[in-house]
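# Chain and residue survey
What follows is each chain in one-letter form.
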Amino acid sequence: MEFGTIEREIFVEAAPAIVFEVVSSPDHLKEWWPDEAEVEAVAGATGRVVFHRQPPEQSMAVPLTVVEALPPRLFSFRWGHDEGEEPSPDNSLLVTFELEPAGEGTRVRMTESGFRERGWEVAVLEEIYLDHSEGWDYFVPRLGEYVARLVSS
């Protein structure tokens, strides 16, 4: 396995503009991904996402920086696990949501890259890659389920 890029794709029955809000707005993000989110959908904006953990583990706050925000078709950000450091190409991973109209809905393509570029030893690289891969296997379907609930209400 290369441990280079994670890719997930789903189709949702909602317009790209709605899906863009779901992947970029804190109020929507916390419904399917982190427990808390602070971010503005503007290139260069900084924020964070917080994942609450079961005791005795601590909650994990992860800083992020918006790379591109091109409504309604693209939202990308860098996020890192190095506390106190602003995410940059040298210390973070890049997550991109590409939104493409498809019939009556949107094809959502999520990619996360930058694993090998971090310079981690192979065991650490594999562990983090597999952890993120498993995470996106859980969260991307939740994105689709949330969009379905949102547009049906």
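Shown above is the structure to which this text applies.
Read on for a plain summary of the structure. (Residues numbered from 1 in each chain as written. Predicted model: local features only at pLDDT ≥ 70, side-chain atom pairs only at ≥ 80, totals over all residues. Heavy atoms only, no water.)

## Thoughts on the environment of G144
Of note, G144 is situated in helix α3 (residues 122–152). With 112 residues separating them along the chain, G144 and W32 place their C-alpha atoms 8.8 Å apart. Not counting the four nearest positions on each side in its chain, G144 is found in contact with I10 and V12. (Helix = DSSP H or I, 4+ residues; strand = E, 2+ residues; numbered from the N terminus. Contact = heavy atoms within 4.5 Å.)

## Quick notes on the side chain of N91
On the secondary structure map, N91 appears in the loop between β5 (74–79) and β6 (93–102). A polar atom in the side chain of N91 sits 3.3 Å from the backbone oxygen of E86. (Polar contact = N/O pair within 3.5 Å; in protein donor to acceptor, adjacent residues only side chain to side chain.)

## A word on the sheet that holds strand β3 (residues 46–51)
Judged by pairing direction, the sheet is antiparallel, and its seven strands sit side by side in the order β1-β7-β6-β5-β4-β3-β2 without closing on themselves. The two strands at the open ends of the sheet, each matched to only one other strand, are β1 (5–12) and β2 (36–38). Ignoring which end each strand starts from, the neighbouring axes of this sheet average 20 degrees apart. On top of the sheet, helix α1 (residues 16–24) reaches β1, β4 (60–70), β5, β6 and β7 (105–113); it is set at about 160 degrees to β6, its chief contact. Sitting on the sheet, α3 touches β1, β3, β5, β6 and β7, and the angle it makes with β1 is about 10 degrees. (Pairing = 2+ DSSP bridges. Axes fitted to C-alpha atoms, helices over the stretch in contact; angles between N-to-C directions.)

## Here we look at the pattern of salt bridges
Per the counting criterion, the structure on display carries nine salt bridges. The salt bridge partner of R48 is E36, with a shortest N-O separation of 4.0 Å. With R48 in strand β3 and E36 in strand β2, this residue pair connects regions lying twelve residues apart in the sequence. Between R48 and E38 there is a salt bridge, with the nearest N and O atoms lying 3.4 Å from each other. Highlighted residues: R48 in strand β3 and E38 in strand β2, separated in sequence by ten residues. (Salt bridge = Lys/Arg side-chain N within 4 Å of Asp/Glu carboxyl O.)

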